[in-house]
Structure formats: C-alpha cells, structure tokens
Amino acid sequence: MSVHSEIKKITTETLRKMKFDKEKITMLTAYDFTTAKMVDAGGVDAILVGDSASNVMAGFETTLPITLDHMIYHAQCVVRGVDRALVVVDLPFGSYQSNPEKALESAVRIMKESEAHAIKLEGGSEVEESIRKIVNAGIPVMGHLGLTPQSIFQFGTYKVRAKEDEEAEKLLKDAKLLEELGCFALVLEKIPAALAKKVSESISIPTIGIGAGPDCDGQVLVYHDMVGMNQGFSPKFLRRYLDLYTEITGAVSQFVKDVKAVDFPNEKESY
C-alpha cells in the first residue's frame, strides 16, 4: 500500500517526501466540479487545472486564447470538488511573460479568487524574475520545461523537444535554476526518456512527466484523453483507460431512439 495513501490532504511537502521515498506521484487534469470530485475520489495526488481547458473545454486549437478569468473560473469549480488532492492552476499565456509584477498579480488573483494550492507556469531562465517574485510572495510554483504549448508558434510543431545536445543542456540548466528559485516541482513534457531520467536524478524537487518516460517522479495526463473522450488525439505517450466517446455517443443515440419510439418515459418513469 502507498505510504501516503492515508494522508488526508496532499501538500507540496507531501510530493517532496514522495520523491524522497521513491513513491510515484500521480496527476490528472480537471476543469469542473463533477470531474474534480471523481478524479479526487479515484486517489490522484495532484489535480492540474490546465490551460488545456482551452482545447478540451472551449474547443480552441491551442492553449493561447484562454484568459486569466477563464482559468480562475475553472479553478473555482475544481477546488469545490476536491477533498484530498493538491490543486495546481496554470497561469495562462500573457499573464506572466511580460513583466514580473504582472506575473505576481496574476498568481495572487488565482490564489485569492480560487483558493487553489499552487500555480504552474512554463519556461526556464526567460521567466526567472517572474518565478522569483511569485515564490518570494509565498506562492508555491510548479515549473514546466520541454514542450511548452504556450510557445507553440515559436516551435512550429508539437514534436519531441531537447533531442539535440544544445537544447538538452539548456533544459538541464533550466531545471536546476527552477529548483534554485524555489519551485516545488517540475513538469517535463515530450522529451527523451534518458534526458528526463538525468534531470530527475540531478534535482531534489519532483519531476512529473508527460511523454517523458518512466523515470520521472510522477506522471500526468489530460483527463479527457485518458478516459477516451477525445477521438482525434492519440500521441505515443497516451494510454487510454476508457473509450468514453463511444460509450457516451451510444447512450445519447439510445436516448434519442427511446424518446422517438415513445418508449421513454415509461409508466414507471412517470408520475
């Protein structure tokens, strides 16, 4: 049995201990009350209110359009549904890159208005001052390196990052910098497994991988992908645990048939 399964409330310190104890950390996304309740009841250690809400909730092609107000709304919904998991909220594109004061203001708004437990932001040395300012204000920060979806137009592709030596060296350097700045954990997205292993062994804060191999200290997936609600999205790193798209569309079409055939509601379902 997990040494931390009996903990009533997961904190940033719990995650650090889990790395030290070599117990893997689990993380899934959630964007609404009902999903958060189910994900929390399932026993995940952390819930990410990701800017991926831009894709799976709002239907945008990238994470760029989602606003700080949108993120706060989703975070408020999630926090109300959670008893045990640590809730981490993404700072959306444009809310922290331009200047450290704006970054702090955005982070404070998320913490005050949603009552979440931590924020996450993308980037390394480029956002050093923003991270420093947020951490100094007492707000827990999770970093994010590798494929950083908010920079998708700069990359031009969602392919694996840091395959070349130069980019791999910068990533390792950035990971150490994020640790020094006081980040409590770090997401590594779509990087070679060997590099993720090296990073995880080089820093004392937990690494949470998505498409970064088995040697990270934990794993995160987007809930909608994991339960098979998205049909078109099937990267190599994704394991689908359900096929909800088929289940739900099947249930809906059965409902349509039953109503059309005057089979629903029947006598037992009527007052």
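Nothing here was measured: the structure is a model prediction, and the numbers come from that model.

1. Topic: the UniProt feature "active site" (unreviewed entry) in the protein
The feature "active site" (unreviewed entry), as given by UniProt, occupies E189 in the numbering adopted here. Considering the arrangement of structural elements, one finds E189 in strand 6 (residues 185–189). Those residues in contact with E189 that lie beyond four places of it in its chain are H144, L145, G146, L147, P149 and I210.

2. Describing helix 5 (residues 100–114)
Between the first and last C-alpha of helix 5 there are 21 Å, a value that for 15 residues agrees with the 21 Å anticipated at 1.5 Å per step. Among the residues of helix 5, A103, L104, S106, A107, I110 and S114 are the ones counted as buried. All buried residues of helix 5 project into a common sector of 160 degrees when viewed along the axis, lining one side. Exposed and oriented more than 90 degrees from the buried face of helix 5 are E105 and K112. Those residues of helix 5 hidden inside the fold are in contact with helix 4 (68–81), strand 3 (86–90), strand 4 (118–120) and helix 6 (128–136).

3. Some remarks on the side chain of H224
The residue H224 is located in helix 10 (residues 223–226) in this model. With sequence-adjacent residues up to four places away left out, H224 is seen in contact with Y31, V56, M57, M229 and N230.

4. A closer look at the pattern of salt bridges
With the rule as written, the count across this model stands at 13 salt bridges. Among the salt bridges present, the one from E13 reaches R16, with a minimum N-O distance of 3.0 Å. Of this pair, E13 and R16 both sit in helix 1 (residues 12–20), separated by three residues, roughly a single helical turn. Taking the relative accessible area as the measure of exposure, E13 reaches 38% and is therefore partly exposed. The shortest N-O distance in the salt bridge between R109 and E113 comes to 2.7 Å. Of this pair, R109 and E113 are both found in helix 5, four residues apart, which corresponds to roughly one turn of the helix. Accessibility expressed as a relative area gives 27% for R109, which makes it partly exposed. A relative accessible area of 36% places E113 in the partly exposed class. One salt-bridge network, in which partners are shared between bridges, spans D69, R109 and E113.

5. Describing a nonpolar patch on the surface
Side chains of I248, V252, F255, V256, V259 and F264 sit close together on the surface and give an oily, nonpolar patch of about 490 Å² of accessible area. Its place among the elements puts V259 in helix 11 (residues 244–260).

6. Things to note about the state of the cysteines
Applying the stated criterion to the full structure yields zero disulfides. Free cysteine: C183, not disulfide-bonded; nearest cysteine sulfur from C216 at 16 Å. With relative accessibility at 2%, the residue C183 sits in the buried group.

7. Considerations on the sheet that holds strand 3
An order of 1-2-3-4-5-6-7-8 is seen for the eight strands of this closed barrel, with the pairing classed as parallel. In this sheet, neighbouring strand axes are inclined to one another by 25 degrees on average, regardless of whether the strands run parallel or antiparallel. In terms of strand pairing, strand 5 (residues 141–146) meets strand 6 through five bridges, oriented parallel. Directly across from M142, in strand 6, lies its bridge partner A185.

8. A closer look at the nonpolar core
The biggest cluster of nonpolar side chains holds 61 residues, and the ones touching the most others in it are I119, L121, I134, L186, L188 and V199. Ranked by the residues each element gives to this core, the list is headed by helix 8 (residues 165–181), at seven residues. Formed by 17 residues, the second largest nonpolar core is a distinct cluster that contains A46, L48, L86 and V220.

9. Considering a negative patch on the surface
Taken together, the side chains of E164, D165, E166 and E169 present a region of like negative charge at the surface. Mapped onto the fold, E164 is located in the loop between helix 7 (152–155) and helix 8.

10. As for the UniProt feature "binding site: 3-methyl-2-oxobutanoate" (unreviewed entry) in the protein
Per the UniProt annotation, the sites labelled "binding site: 3-methyl-2-oxobutanoate" (unreviewed entry) are D51, S52, D90 and K120. Despite a sequence span of 70 residues, these residues sit close together in the fold, their greatest C-alpha distance being 12.5 Å. A residue is classified by how much of its surface remains accessible, and D51, at 5% relative accessible area, is buried. Here D51 is in contact with T63, I66, M71, D90, E122 and Q150, once residues within four sequence places are set aside. Checked against the element boundaries, D90 lands in strand 3. Not counting residues within four places of it along the chain, the set of residues in contact with D90 comprises L48, V49, G50, D51, M71, I110 and K120.

What counts and how
Residues numbered from 1 in each chain as written. Predicted model: local features only at pLDDT ≥ 70, side-chain atom pairs only at ≥ 80, totals over all residues. Heavy atoms only, no water. UniProt positions renumbered as here; feature names shortened; annotations may be inferred. Helix = DSSP H or I, 4+ residues; strand = E, 2+ residues; numbered from the N terminus. Contact = heavy atoms within 4.5 Å. Expected span 1.5 Å × (residues − 1). Buried < 20%, exposed > 50% of the residue type's maximum accessible area, 1.4 Å probe, protein only. Arc of directions from axis to C-beta. Salt bridge = Lys/Arg side-chain N within 4 Å of Asp/Glu carboxyl O. Patch = residues over 30% accessible without salt bridge, like charges linked within 9 Å, V, L, I, M, F, W, Y side chains within 5 Å. Areas by Shrake-Rupley, 256 points an atom, 1.4 Å probe, with all protein chains shown as cover. Disulfide = S-S within 2.5 Å. Pairing = 2+ DSSP bridges. Axes fitted to C-alpha atoms, helices over the stretch in contact; angles between N-to-C directions. Core = buried A, V, L, I, M, F, W, Y, C linked by side-chain atoms within 4.5 Å. Lys, Arg positive; Asp, Glu negative; His and termini not counted. Charge placed at Lys NZ, Arg CZ, Asp CG, Glu CD.

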